[in-house]
Amino acid sequence: MTARLPLSMALALFALAALGGGGAAAQAGAPDVDALSDRLDTMWTSSASIARIELTVARPTGTRTLRMRVWTHGNQRALVVVEAPERERGTATLRRDRSLWTYLPRVARTMRIPPSMMLSSWMGSDFTNDDLTQSAQYRSDFVGTVVGRSDAPAGWLIRYVAREGVVGLWRRVEFVVNDDATLPLVARYFDRRDRVARVMTFDEVRPVDGRTIPTRLVLQPTDHPDQHTELHYLDIDFDASVPESTFSLTELERGR
């Protein structure tokens, strides 16, 4: 996000951030917000990673699924390459810090994404180009507070409010996490007008390379209830060996 979408979430691309405690944090069994923030910040990331994902975009007119491979370095570098379907094979996105490029193999063209297009759809999904370039952290960029118990779904409600001076789309993010505060269940993203703009759900929890994480993320924009996007991690190799040269325009155009 973005929270962090992840795609590198981007992809997991989607990271945000927080800290704190207060009010309801005194309730028996309430989560330690600092520990939770650290976990959310690092759940899908590592020093470097290689992942395979499926991105399914559902619209009233039909459903489209892309299979991709993703290379990352921390939360500042990402290369995403489409492997299927064949007609879109080789289409790729490169992220270096806050800069983003897209390669279109059918016309052999590389485009740098200008600031005016950062809020545009990424790969026709409900994720935006801006989601891919966010590197905010819950621990440092937001103030976190345990609000109390949640019934729908059952768990703990945690509120993250953007710190003063932090630039971003979200004024606050509210998570519901499971009872032992190890896994997110739902995240609601509030815009600068304090309206719920989108909702992310997390499920299909399973072990992946030594971590137990949600492997399916579903993003639902509130202004388009008839559409959504699913991000499904097929596998992830954490702390992989990924050279810096991976994140170059040459590699973008090669399609790895």
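Residues numbered from 1 in each chain as written. Predicted model: local features only at pLDDT ≥ 70, side-chain atom pairs only at ≥ 80, totals over all residues. Heavy atoms only, no water.

A.B. asks: Which parts of the structure should I look at to understand the side chain of Ser49?
C.D. replies: Of note, Ser49 is situated in strand S1 (residues 48-59). Engagement of the side chain of Ser49 in a polar contact is seen with the side chain of Thr72, the distance being 2.6 Å. (Helix = DSSP H or I, 4+ residues; strand = E, 2+ residues; numbered from the N terminus. Polar contact = N/O pair within 3.5 Å; in protein donor to acceptor, adjacent residues only side chain to side chain.)

A.B. asks: How should I be thinking about the layout of surface pockets in this particular structure?
C.D. replies: Unfilled space is identified by rolling a water-sized probe across the atoms. The space that makes up the largest pocket amounts to roughly 350 Å³. Lining the largest pocket are 18 residues, and of these Asp126, Thr128, Arg198, Pro221 and Asp223 lie nearest its centre. Broken down by element, the residue count for the lining of the largest pocket peaks at 3 residues, all from strand S11 (residues 196-208). Here the lining of the largest pocket is built from residues that sort into 8 nonpolar, 6 polar and 4 charged. In this structure, the second largest pocket encloses a volume near 160 Å³. Lining the second largest pocket are 14 residues, and of these Thr91, Thr102, Leu104, Trp122 and Met123 lie nearest its centre. In the lining of the second largest pocket, the residues fall into 5 nonpolar, 7 polar and 2 charged. (1 Å grid on protein atoms, 1.4 Å probe; cavity = no way out; pocket = protein on both sides within 12 Å on 5 of 7 lines; lining within 4 Å. Points joined across faces, edges and corners; volume = space filled by probe spheres on them. Nonpolar A, V, L, I, M, F, W, Y, C, P; charged D, E, K, R; others polar.)

A.B. asks: So what exactly am I meant to see when it comes to the packing of aromatic side chains here?
C.D. replies: How two aromatic rings sit relative to each other is set out by the distance from centre to centre and by the angle between their planes. Inspection of the entire model under this criterion finds 7 aromatic pairs. Geometrically, the ring pair formed by Tyr160 and Phe175 is edge-to-face, given 6.0 Å between the ring centres and 85 degrees between the ring planes. Taken together, the residues Tyr160 in strand S8 (residues 154-162) and Phe175 in strand S9 (residues 172-177) connect sequence positions 15 residues apart. The class for Phe175 is buried, based on a relative accessible area of 1%. (Phe/Tyr/Trp six-rings, centres within 6.5 Å; stacked < 30°, edge-to-face > 60°. Buried < 20%, exposed > 50% of the residue type's maximum accessible area, 1.4 Å probe, protein only.)

A.B. asks: Sorry if this is basic, but what is going on with the environment of Pro31 here?
C.D. replies: Looking at where Pro31 falls in the secondary structure, it is placed in the loop between helix H1 (7-10) and helix H2 (33-42). What Pro31 contacts, discounting residues up to four positions off in sequence, is Val146, Trp156, Ile158 and Ala181. (Contact = heavy atoms within 4.5 Å.)

A.B. asks: What is the right way to look at the pattern of salt bridges in this model?
C.D. replies: A side chain with one charge can pair with a side chain of the opposite charge if their charged atoms come near. Scanning the model with the defined rule gives 21 salt bridges in all. A salt bridge links Arg98 to Asp130; the shortest N-O distance between them is 3.6 Å. Linking Arg98 in the loop between strand S4 (92-96) and strand S5 (99-104) with Asp130 in helix H3 (residues 129-133), this pair joins segments that are 32 residues apart in sequence. A salt bridge links Arg216 to Glu204, with the nearest nitrogen and oxygen atoms 3.9 Å apart. Residue Arg216 is found in strand S12 (residues 211-221), and its partner Glu204 is found in strand S11; the two are separated by 12 residues along the sequence. Using a relative accessible area of 18% as the deciding quantity, one classes Arg216 as buried. (Salt bridge = Lys/Arg side-chain N within 4 Å of Asp/Glu carboxyl O.)

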